[in-house]
Amino acid sequence: TIAGELDVATVMEGSIQRANDRVRVNVKLIDAHTDAQLWAESYDEELTSENVFGIQADLARAIVSALAATLTTEEAKRIAESDSTSLAVYDLYTQAVYLLRNSQRGDEAATRRAISILEGATRQDPDFAIAYARMASTYYRSVPFGFWTQADARALADPLIARAMELDPDNPETQVAVGIAAE
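Residues numbered from 1 in each chain as written. Predicted model: local features only at pLDDT ≥ 70, side-chain atom pairs only at ≥ 80, totals over all residues. Heavy atoms only, no water.

**Student:** Please give an account of the pairing of strand 1 (residues 10–19) that cites residues and values.
**Tutor:** As judged from the ten bridges shared by strand 1 and strand 2 (residues 22–31), these two strands associate in the antiparallel manner. Directly across from Ala-19, in strand 2, lies its bridge partner Arg-22. The hairpin formed by strand 1 and strand 2 contains two residues between the paired strands, and Asn-20 there has a positive phi angle of roughly 55°. (Pairing = 2+ DSSP bridges. Helix = DSSP H or I, 4+ residues; strand = E, 2+ residues; numbered from the N terminus.)

Rendered as structure tokens:
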């Protein structure tokens, strides 16, 4: 059903579990037409600031290989790059995203807490583009709930989008923020 709605031939399914300083990632690719499993992999590793982005890059390369896809030079470079050099900063980002995704829509306290967490991430890593972009998107997406006016959201979000564009204009999170601002 999902594959049909998205008009895709392959679906990726997975889970991530974290316990203390270990992470386990289970991923599989499923043929959307036959429901057959095409590929599966599990990663069980110690989680450190040095290897968290390496795990992501390894996983991305394995999926590309399993799909028999070819990466452009730019795509390969993008996979090799990390969004932040700090596991603590990335952890803040994921906390904010989790809070935004799992709180009730229109939960002002959760939204403001997520923004505060993202601000902390950008204070610790001023070059963390996706945190700026997520913050900007959150401001704009919260206008319908009355947390701030459209003008206030624009005043708060637009400098964040500008910073994200300066740091990483091709990042999907940055592009989402730009798109939301243009609505």
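After presenting the structure, the write-up continues.
**Student:** Pulling in residues and values, what's your account of a nonpolar patch on the surface?
**Tutor:** A surface patch of nonpolar side chains, about 290 Å² in accessible area, is lined by Ile-2, Leu-6 and Val-8. Its place among the elements puts Ile-2 in helix 1 (residues 2–6). Look at Ile-2 and you get exposed, because its relative accessible area is 57%. (Patch = residues over 30% accessible without salt bridge, like charges linked within 9 Å, V, L, I, M, F, W, Y side chains within 5 Å. Areas by Shrake-Rupley, 256 points an atom, 1.4 Å probe, with all protein chains shown as cover. Salt bridge = Lys/Arg side-chain N within 4 Å of Asp/Glu carboxyl O. Buried < 20%, exposed > 50% of the residue type's maximum accessible area, 1.4 Å probe, protein only.)

**Student:** Talk me through the sheet that holds strand 3 (residues 37–46); I want residue IDs and the actual numbers.
**Tutor:** Read across the open sheet, the three strands follow the order 1-2-3; overall the sheet is antiparallel. Taken across any chain shown, the strands that pair with only one partner, and hence form the sheet edges, are strand 1 and strand 3. In this sheet, neighbouring strand axes are inclined to one another by 10° on average, regardless of whether the strands run parallel or antiparallel. Across the sheet, helix 2 (residues 52–66) lies against strand 1, strand 2 and strand 3, angled at about 165° from strand 3, the strand it touches most. (Axes fitted to C-alpha atoms, helices over the stretch in contact; angles between N-to-C directions. Contact = heavy atoms within 4.5 Å.)

**Student:** Talk me through the side chain of Thr-122; I want residue IDs and the actual numbers.
**Tutor:** Inspection of the secondary structure assignment puts Thr-122 in helix 5 (residues 108–124). Classification of Thr-122 by relative accessible area gives buried; the value is 10%. In contact with Thr-122, not counting residues within four places along its chain, are Phe-128, Ala-131, Tyr-132 and Met-135.

**Student:** Can you break down the packing of helix 4 (residues 87–102) against helix 6 (residues 129–141) residue by residue, with the values?
**Tutor:** Running from N to C, helix 4 and helix 6 point in directions that differ by 20°, and their axes come no closer than 11 Å. Considering the angle they form, helix 4 stands roughly parallel to helix 6. Judged by the twist between their axes, the crossing of helix 4 over helix 6 is left-handed. Between helix 4, through Tyr-93, Val-97, Leu-100 and Arg-101, and helix 6, the contact on the second element is made entirely by Ile-130, Ala-131, Arg-134 and Thr-138. Class assignment of the residues belonging to the contact of helix 4 with helix 6 gives a composition of five nonpolar, one polar and two charged. (Parallel < 35°, antiparallel > 145°, perpendicular 65-115°, else oblique. Left-handed = near helix turned anticlockwise from the far one by under 90°. Nonpolar A, V, L, I, M, F, W, Y, C, P; charged D, E, K, R; others polar.)

**Student:** For unusual backbone geometry, give the residues involved together with the corresponding values.
**Tutor:** With phi around 55°, Asn-20 is a residue other than glycine that occupies positive phi space. For Asn-20, the location among the structural elements is in the loop between strand 1 and strand 2. Residue classification places Asn-20 among the exposed residues on the basis of a relative accessible area of 74%. Non-glycine residue Asp-35 carries a positive phi angle of around 65°. Relative to the helices and strands, Asp-35 resides in the loop between strand 2 and strand 3. Taking relative accessible area as the criterion, Asp-35 reaches 63% and is therefore assigned exposed.

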